[in-house]
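A closer look at the structure
Here's the letter readout for the chains.
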Amino acid sequence: MTTHTGGCHCGKVQFEIDAPADIEAAECNCSICSMSGFLHLFVSRKRFRLLQGEDALATYTFNTGVAKHYFCSFCGVKSFYVPRSHPDGYSVNVRCLRGDSIASLVVEPFDGQNWEKNVAELSPLSD
């Protein structure tokens, strides 16, 4: 495991995660992910640490209300959220990680436009 650091554009929100240096990310084509350019890296809650900016976060929910989309209320960047597929963890936007800790990145497409049919394809969280 490698400790990766990341955050929003303005720097008010900062976090770190423990994940492999070789990252496999999912690129979802659902409406919100495709519009925001989100590349998913799923991590368990114990592998995610919010370092600063809790007071800068705003939350957006839609549809079922299970997913909690956190974004910086200053710059608008969504660097992580609690996904409906993994409500006991986080999905971190790989594009918001500092690249110096990433050895390689493989991006796999995910058909989120047909989420219910395809959600079982997503990798489970590992502790």
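Residues numbered from 1 in each chain as written. Predicted model: local features only at pLDDT ≥ 70, side-chain atom pairs only at ≥ 80, totals over all residues. Heavy atoms only, no water.

Here we look at the side chain of N93
With respect to the helices and strands, N93 occurs in strand β9 (residues 89-93). Looking at N93, its side chain comes within polar contact range of the main-chain nitrogen of L39, at 3.1 Å. Those residues within four positions of N93 in sequence are excluded, and the remaining contacts are G37, F38, L39, K78 and S79. (Helix = DSSP H or I, 4+ residues; strand = E, 2+ residues; numbered from the N terminus. Polar contact = N/O pair within 3.5 Å; in protein donor to acceptor, adjacent residues only side chain to side chain. Contact = heavy atoms within 4.5 Å.)

Things to note about unusual backbone geometry
Backbone geometry places N63, a non-glycine residue, at a positive phi of 50°. In this fold, N63 is placed in the loop between β6 (57-60) and β7 (68-72).

Some remarks on the sheet that holds strand β2 (residues 14-19)
The strand order β1-β2-β5 describes an open sheet built from three strands, whose pairing is antiparallel. Each end of this open sheet is capped by a strand with a single partner; those strands are β1 (2-7) and β5 (48-52). Sheet twist, expressed as the mean angle between neighbouring strand axes with direction ignored, is 25°. The pairing of β2 with β5 spans four bridges and is antiparallel. (Pairing = 2+ DSSP bridges. Axes fitted to C-alpha atoms, helices over the stretch in contact; angles between N-to-C directions.)

Some remarks on the packing of aromatic side chains
A complete count under the given rule lists eight aromatic pairs for this structure. Grouped by ring-pair contacts, the aromatic residues F15, F48, Y70, F80 and Y90 constitute a single cluster. Its guanidinium or amino end placed over the ring of F74, K12 lies 4.6 Å from that ring's centre, counting from NZ or CZ. Seen from the ring of F38, K78 lies directly overhead, with NZ or CZ sitting 4.8 Å from the centre. (Phe/Tyr/Trp six-rings, centres within 6.5 Å; stacked < 30°, edge-to-face > 60°. Lys NZ or Arg CZ within 6 Å of the ring centre and 35° of its normal.)

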